[in-house]
Amino acid sequence: MHKPNWFLFLALVWTSLITWLSLVTIGSIGGRIPIPHKDKGVHFIFYLVFVVLWVKSRLKINNPILYTIFLIAVGYGVSIEILQYAITTNRSADGWDVLANTLGALTGLLLMKN
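With that settled, consider the nonpolar core. Counting residues in hydrophobic clusters, the biggest one holds 15 residues, and the most contacted among them are Ile18, Tyr47, Phe50, Val51, Ala73, Tyr76 and Ala105. Mapped by element, the contributors of at least two residues to this core are α2 (38-56), α3 (63-87) and α4 (95-113). Beyond its immediate chain neighbours, meaning those up to four positions away, Tyr47 contacts Ile18, Ala73, Tyr76, Gly77, Ile80, Asn101, Gly104 and Ala105.

This brings us to a nonpolar patch on the surface. Together, Trp6, Phe7, Phe9, Leu10 and Val13 make up an exposed nonpolar region whose accessible area comes to about 520 Å². Tracing the backbone shows Trp6 in helix α1 (residues 6-23).

Let's shift gears to the side chain of Thr88. If you trace the backbone, Thr88 turns up in the loop between α3 and α4. What makes Thr88 buried here is its relative accessible area of 13%. Only 2.4 Å separates the side chain of Thr88 from the backbone oxygen of Gln84, close enough to count as a polar contact. Separated by 3.4 Å, the side chain of Thr88 and the backbone oxygen of Arg91 make a polar contact. Ignoring sequence-local partners within four residues, the contact set of Thr88 consists of Leu23 and Leu83.

Let's shift gears to the packing of α3 against α4. Where α3 contacts α4, the two axes come as close as 9 Å, and the packing angle between them is 165°. Judged by the inter-axis angle, α3 sits roughly antiparallel to α4. In this structure, the crossing between α3 and α4 has a hand that is right-handed. Counting all contacts with α3, which are made through Asn63, Leu66, Tyr67, Phe70, Ala73, Val74, Gly77, Val78 and Glu81, the residues of α4 involved are Asp97, Val98, Asn101, Thr102, Ala105, Leu106, Leu109, Met112 and Lys113.

Okay, the pattern of salt bridges next. Tallied over the full model, the rule gives three salt bridges. The partner of Asp39 in a salt bridge is Lys40, and the shortest N-O contact between them spans 2.8 Å. Across the salt bridge formed by Lys40 and Asp94, the nearest N and O atoms sit 2.9 Å from each other. Residue Lys40 is located in helix α2, and its partner Asp94 is located in the loop between α3 and α4; the two are separated by 54 residues in the primary sequence. Via salt bridges that share partners, Asp39, Lys40, Asp94 and Asp97 belong to a single interconnected network.

The subject of this paragraph is the side chain of Ser57. Note that Ser57 resides in the loop between α2 and α3. On the accessibility criterion, Ser57 (8% relative accessible area) is buried. A distance of 2.7 Å separates a polar atom in the side chain of Ser57 from the backbone oxygen of Trp54. The contact partners of Ser57, leaving out residues within four places of it in the chain, are Asn5, Phe7 and Leu8.

Criteria and thresholds
Residues numbered from 1 in each chain as written. Predicted model: local features only at pLDDT ≥ 70, side-chain atom pairs only at ≥ 80, totals over all residues. Heavy atoms only, no water. Core = buried A, V, L, I, M, F, W, Y, C linked by side-chain atoms within 4.5 Å. Buried < 20%, exposed > 50% of the residue type's maximum accessible area, 1.4 Å probe, protein only. Helix = DSSP H or I, 4+ residues; strand = E, 2+ residues; numbered from the N terminus. Contact = heavy atoms within 4.5 Å. Patch = residues over 30% accessible without salt bridge, like charges linked within 9 Å, V, L, I, M, F, W, Y side chains within 5 Å. Areas by Shrake-Rupley, 256 points an atom, 1.4 Å probe, with all protein chains shown as cover. Salt bridge = Lys/Arg side-chain N within 4 Å of Asp/Glu carboxyl O. Polar contact = N/O pair within 3.5 Å; in protein donor to acceptor, adjacent residues only side chain to side chain. Axes fitted to C-alpha atoms, helices over the stretch in contact; angles between N-to-C directions. Parallel < 35°, antiparallel > 145°, perpendicular 65-115°, else oblique. Left-handed = near helix turned anticlockwise from the far one by under 90°.

Below, the structure is given as structure tokens:
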């Protein structure tokens, strides 16, 4: 009997959630919390979890898989920023978001490498 891969399911849901939250207008979630640049922390967490879930979804984990997932995460983050610029009216591309995404993905990579 085939055992379900819950990490794959969670990785797909998480990726869909990132896409949705990045491209739709939701109002000012957390707008009243006075923390400077709090959205960068959210980006960091989103992409850290992205890498961890996708790595955990793999049955066999090795360095090429880790680096491939990291590169996919970075490319996905850049793509989302481009889409925000190209297809949304209330979002804009932000290089600092790309940096936060990349640092989150790198942290996820380092956590999974150990």
